[in-house]
Amino acid sequence: MTIWFGGDYNPEQWPESVWDEDIALMQRARVTLVTVGVFSWAKLEPSEGVYTFGWLDRIMDKLHAAGIRVDLATATASPPPWLTHRYPEVLPVTENGVRLQVGSRQQYCPSSPVYRRLAQNLVTAIVDRYASHPALEMWHINNEYGCHLSRCYCDVSAAAFRVWLQRRYRTIDQLNETWGTAFWSQWYGSFDEVYTPSRAPYYRNPGQVLDFDRFSSDELLDCFREEAAVVRAGSPRIPLTTNFMGFFKPVDYWAWASELDLICDDSYPDPSDPRSPMLAAMSRDLMRSLAAGKPWILMEQAASAVNWRDINVAKPAGMMRALSLQAVARGADGVLFFQWRQSDRGGERFHSAMLPHAGTETVSWRAIEALGHELDQHSDVVEGAVVASVAMVFEWDSWWSLEQDGVPARLSYLALLQAWYLPFFEAGITVDFVTTQSDLSGYSLVIVAGLFAVNPSELSPLHDFADRGGQLIVSFQSAIVDRTGRLMPGGFLGPLAGTLGVRIDEFTPIAAGTSAEVEGGIGSLWAERIVSIDSEILVRFTDGDLAGSPAVTRRRVGQGTAHYFATMPDPELLATLIQGIVAAAGIPAREGIPSGTEVVKRGTVTYVINHREGTVDVEVMERSN
Ligand code: GAL
């Protein structure tokens, strides 16, 4: 078994005379898998119920003859102009009440019964025709759900939202109670009075906004499910997938993951951002976690530049290779690109591709060809597992809730997670992502950062984890509200306050651009006044109003330890503190990793990836703790 290599292939953008060259070059680069038909709806169904599959038959046959496997798309991501011309109600409406028009892509309301019916018809026709095509390797449902349009505020969406709310709350009294509509005269007499949370004069009801986030993610999931059901019925033995987008706020991938046969990710790290290797690693780790440890596929990345940043910095060939192998090292069994041949017209004509405009006498083509060959050497890691002993809790409810309006400080949930992930990445310690529902028994260290919205009862596994010998880290702005958005009953931190041995007295967020002094360094992003009840104080604030008050605490809990962080220590101080916690967790420390070098183990292979320019000499020592 080899690692899949290839990319999105859009033959419909080219005369058929180009296809033979495409295939010959694919073979030269050792392409094994191409995603076909993602944006082909208009070419496959030029008017309602009229299908033109001839061209797709021909390219599928050609690919098969060349031994190239196909990830066949259901083609529903971009409705054709005839569809919205005939059924304009399918067009989505923004938060500001603007109806989005045709001429781009993804212009459909996820709740639209018309869109869903027509998508079903198309998928049925595609599945009927290709389910037993010998080139078919997997099904690609839609594309990047919610990428441009994840929330629709039209009347159809409002009606669907009401149905969703009615299912959730049963009575309007229950909804009123949960959303706290006694506040600002928001009390509803019936579900008919409830709308989507469109633009309003001031802050919208937090419960309503949170439920709309959940509803919107669920509506997209329903779209996926409806297509998946058609595919499964007509093609039960072929795996199906859709492409995720890393840490993508609008869609709760935990709810989706178990519905896919295979987890796939699209990843476009910014070549000009020095943090890109770390950020990409984090996304890879999330995908592996969503796949419950099973292999996943890097479905899209850029061969060089994208075309959607203000300045589209070219990705050096070495970086393309390093980030590709990083995906393999972190559990991917496929490295694919958007797209095979660079378009010469349309909105993405300046986006790089495996085969650039300038042809094969180019640095980027040579790098692609070399990667295709190199991946052969990695086939022995395929299906090898990546084992992590550190887990970080990550949940969409908290992401949505922490970043709402009217909260104590505008914190970025991802920035918090990234700050916690960094020292582990730099120390070559692999991290899994989990939820409060996950089994923590395989981990020796668990990090809970910014877990803003959680029910008190869901916190006991964290206590038990420490009690059984785990090292628990809890950082500020965790367990602040329950999952309805109501302030945590019994006080902030809920039952974790007892586990941690601290009490939160007052939030004292740090003003933008400033920091708080603490023993041994500085704290940023956040500060708060906490009282140690029965915990040991490891670090104290040293200036201002908080001088002398605890910044980092530790408490023995059963066989383990619970740490609380009332601020975000600077990277150096954090790394030092974490070193101690890692040692206490008995996690082997890797020493001698130069900065800019990533170390990660998959199966029996240890990958050492140099993300800097030039060469680096590395002698990595593993010391058991
Ligand atoms: C993805 C998308 C592709 C292409 C790519 C460009 O979002 O799935 O179709 O648009 O981005 O970077």
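Residues numbered from 1 in each chain as written. Predicted model: local features only at pLDDT ≥ 70, side-chain atom pairs only at ≥ 80, totals over all residues. Heavy atoms only, no water.

Draft legend 1. Molecular detail of the overall build of the protein chain. The number of helices and strands found in the protein chain is 17 helices and 25 strands. Taken against the 2.2 N^0.38 rule, which gives 25 Å for 625 residues, the C-alpha radius of gyration of the protein chain at 26 Å falls within 12% of a compact globule. Taken over the C-alpha atoms alone, the protein chain extends approximately 75 × 70 × 40 Å along its principal axes. Per-residue burial over the protein chain gives 57% buried out of 625 residues. Nonlocal contacts in the protein chain, meaning residues at least 24 apart in sequence, comprise 73% of its contacts between residues at least 6 apart. Element-wise, carbon and sulfur atoms account for 51% of the exposed surface of the protein chain, whose accessible area totals about 24900 Å². One way to put it: in the protein chain the 51 positive side-chain charges average out to a point 2 Å from where the 75 negative ones average out. (Helix = DSSP H or I, 4+ residues; strand = E, 2+ residues; numbered from the N terminus. Rg over C-alpha atoms; globule rule 2.2 N^0.38 Å. Buried < 20%, exposed > 50% of the residue type's maximum accessible area, 1.4 Å probe, protein only. Contact = heavy atoms within 4.5 Å. Areas by Shrake-Rupley, 256 points an atom, 1.4 Å probe, with all protein chains shown as cover. Lys, Arg positive; Asp, Glu negative; His and termini not counted. Charge placed at Lys NZ, Arg CZ, Asp CG, Glu CD.)

Draft legend 2. Molecular detail of the layout of surface pockets. Each pocket or cavity is described by its volume, and for the second largest pocket that value is around 1200 Å³. If you trace the second largest pocket, you find 42 residues lining it, with N205, P206, V209, Q404 and D405 closest to the centre. Breaking the lining of the second largest pocket down by element, the ones donating at least two residues are α7 (172–179), α8 (206–234) and α13 (396–402). Grouping the constituent residues of the lining of the second largest pocket by class yields 21 nonpolar, eleven polar and ten charged. (1 Å grid on protein atoms, 1.4 Å probe; cavity = no way out; pocket = protein on both sides within 12 Å on 5 of 7 lines; lining within 4 Å. Points joined across faces, edges and corners; volume = space filled by probe spheres on them. Nonpolar A, V, L, I, M, F, W, Y, C, P; charged D, E, K, R; others polar.)

Draft legend 3. Spatial organisation of the sheet that holds strand β3 (residues 69–73). Pairing is parallel across the open sheet formed by nine strands, whose spatial order is β5-β4-β3-β2-β1-β9-β8-β7-β6. Pairing within the sheet leaves two strands with one partner each, and these edge strands are β5 (240–241) and β6 (243–244). Bridge count for β6 against strand β7 (residues 264–266) is two bridges, and the pairing is parallel. The partner of N243 across the bridge, within β7, is C264. Along the sheet, helix α5 (residues 113–130) contacts β3 and β4 (136–140); its crossing angle with β4, the most-contacted strand, is approximately 175°. (Pairing = 2+ DSSP bridges. Axes fitted to C-alpha atoms, helices over the stretch in contact; angles between N-to-C directions.)

Draft legend 4. Seen up close, the site of the ligand. By nearness alone, every residue bordering the ligand is listed as F39, R105, N143, E144, D266, Y268, E300, W308, F338, E348 and H351. Protein contacts shield 96% of the accessible area of the ligand, which totals 310 Å² for the unbound molecule. The class makeup of the residues in the shell around the ligand is four nonpolar, two polar and five charged. (Near = heavy atom within 4 Å.)

Draft legend 5. Region of interest: the pattern of salt bridges. Under the definition given, this model contains 41 salt bridges. Between R288 and D285 there is a salt bridge, and its shortest N-O distance comes to 2.8 Å. Residue R288 and its partner D285 are both found in helix α10 (residues 276–290); the two are separated by three residues, about one turn of the helix. The same class applies to R288 as to D285, namely buried. D505 is the salt-bridge partner of R529, the closest N and O atoms lying 4.0 Å from each other. Of the two residues, R529 is situated in strand β17 (residues 528–532) and D505 in strand β14 (residues 502–507); the sequence distance between them amounts to 24 residues. Linked by salt bridges that have partners in common, R168, D211, R214, E395, D397, E458 and R483 make up one network. (Salt bridge = Lys/Arg side-chain N within 4 Å of Asp/Glu carboxyl O.)

Draft legend 6. Spatial organisation of the sheet that holds strand β15 (residues 516–518). Sheet architecture is open: three strands sit in the order β15-β16-β21, paired in antiparallel fashion. Of all strands in the sheet, those bounded by a partner on one side alone are β15 and β21 (568–569). With two bridges connecting them, strand β16 (residues 521–524) and β21 associate as antiparallel partners. By the bridge assignment, S524 is partnered in β21 with M568.

Draft legend 7. Focus on a nonpolar patch on the surface. Together, F183, W184, Y202 and Y203 make up a nonpolar patch on the protein surface, roughly 470 Å² of accessible area in all. The topology assignment puts Y203 in the loop between α7 and α8. Relative accessible area serves as the criterion here: at 33%, Y203 is assigned to the partly exposed category. (Patch = residues over 30% accessible without salt bridge, like charges linked within 9 Å, V, L, I, M, F, W, Y side chains within 5 Å.)

Draft legend 8. Representation of the packing of α10 against helix α11 (residues 317–329) within the structure. Two numbers describe how α10 lies on α11: the axes approach to 9 Å, and their chain directions differ by 30°. In terms of their interaxial angle, α10 and α11 are classed as roughly parallel. Note on packing geometry: the crossing formed by α10 with α11 is right-handed. Counting all contacts with α10, which are made through P277, A280, A281 and R284, the residues of α11 involved are L323, Q326 and A327. For the contact of α10 with α11, the class distribution of residues is five nonpolar, one polar and one charged. (Parallel < 35°, antiparallel > 145°, perpendicular 65-115°, else oblique. Left-handed = near helix turned anticlockwise from the far one by under 90°.)

Draft legend 9. A look at α5. Given a rise of 1.5 Å per residue, 18 residues ought to cover 26 Å, and the 25 Å separating the end C-alpha atoms of α5 matches this to within 8%. Taken as a whole, α5 has its buried residues at V114, Y115, R116, L118, A119, L122, V123, A125, I126, V127 and Y130. The inward-facing, buried residues of α5 abut α2 (41–44), α3 (54–65), β3, α4 (81–86), β4 and α8. (Expected span 1.5 Å × (residues − 1).)

Draft legend 10. Spotlight on the packing of aromatic side chains. Across all of its chains, the model carries 38 aromatic pairs by this definition. Arranged with centres 6.1 Å apart and planes meeting at 85°, the rings of F5 and F337 form a pair that is edge-to-face. Placement of the pair is F5 in strand β1 (residues 4–9) and F337 in strand β9 (residues 332–337), with a sequence separation of 332 residues. Its relative accessible area of 1% is what places F5 among the buried residues. Both rings, one in W184 and one in Y202, keep their centres 5.5 Å apart while their planes meet at 40°; by these two values the pair is tilted. (Phe/Tyr/Trp six-rings, centres within 6.5 Å; stacked < 30°, edge-to-face > 60°.)

Draft legend 11. Unusual backbone geometry, seen in detail. The residue after F338, namely Q339, is reached through a cis peptide bond having omega -10°. Secondary-structure assignment places Q339 in the loop between β9 and α12 (363–374). Although it is not a glycine, R30 sits at a positive phi angle of roughly 65°. In this structure, L493 takes a positive phi of about 80° despite not being glycine. Structurally, L493 can be placed in the loop between β13 (471–475) and α16 (496–500). Overall, L493 belongs to the buried group, its relative accessible area being 0%.

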